[in-house]
Amino acid sequence: MTEHERAKAWREANGFTLPQLAELTGYGRETIWWMEQGSTPPSQKGNPRRGKIKPWVWQRYKMCCAGVEASLKGKKFNW
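Here's a quick rundown of the structure. All figures in this text were calculated on a predicted structure; none of them were measured in a lab. (Residues numbered from 1 in each chain as written. Predicted model: local features only at pLDDT ≥ 70, side-chain atom pairs only at ≥ 80, totals over all residues. Heavy atoms only, no water.)

## Remarks on the pattern of salt bridges
The criterion, for reference: We count a salt bridge whenever a side-chain nitrogen from Lys or Arg sits within 4 Å of a carboxyl oxygen from Asp or Glu. Each residue is assigned to one of three classes by its accessible area relative to the maximum for its type, calculated with a 1.4 Å probe on protein chains only: buried under 20%, partly exposed between the two thresholds, exposed over 50%.
One pass over the structure, following the stated rule, counts 5 salt bridges. Between E30 and R29 there is a salt bridge, with the nearest N and O atoms lying 3.2 Å from each other. Relative accessible area serves as the criterion here: at 37%, R29 is assigned to the partly exposed category. Several salt bridges converge on common partners, so that one network encompasses E3, R6 and K62.

So this is what it looks like as structure tokens:
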């Protein structure tokens, strides 16, 4: 299973819609959709080329999802 397939499977296994996960993580619904497709959106300049998601972007997204999962299990973050 690829990284983007795991991301989508995690979201669905936890019963989140795209808008719900967007609200919990601060990512846009469209951003999450593209992450789950495994590519970046086309450029604003109309270039239809899409790119591969960089490892540091995946790491940041995974950290947000880990925070959501921790809060589901009753763990609260505190500075």
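So that's the structure; there's more coming.
## Focus: the packing of aromatic side chains
The way to describe two aromatic rings as a pair is by their centre distance and the angle between their planes. Threshold: What counts as a ring pair is set by centres within 6.5 Å for rings of Phe, Tyr and Trp (its six-membered ring), and what kind of pair is set by the plane angle: stacked under 30 degrees, edge-to-face over 60, tilted for all other angles. Helix and strand definitions follow DSSP, with helices as H or I runs of at least four residues and strands as E runs of at least two, each counted in order from the N terminus.
For the structure shown, the criterion picks out 4 aromatic pairs. A centroid spacing of 6.0 Å and a plane angle of 45 degrees characterise the contact between W10 and F16, whose relative ring orientation is tilted. Considering the side-chain rings of Y27 and Y61, the 5.2 Å spacing of their centres and the 90 degrees angle between planes classify their relative orientation as edge-to-face. With Y27 in the loop between α2 (18-25) and α3 (29-37) and Y61 in helix α4 (residues 55-72), the pair connects residues that are 34 residues apart, well separated along the chain. For Y61, a relative accessible area of 2% gives the class buried. Here a set of aromatic residues connected by ring pairs shows up, and it is made of Y27, W58 and Y61.

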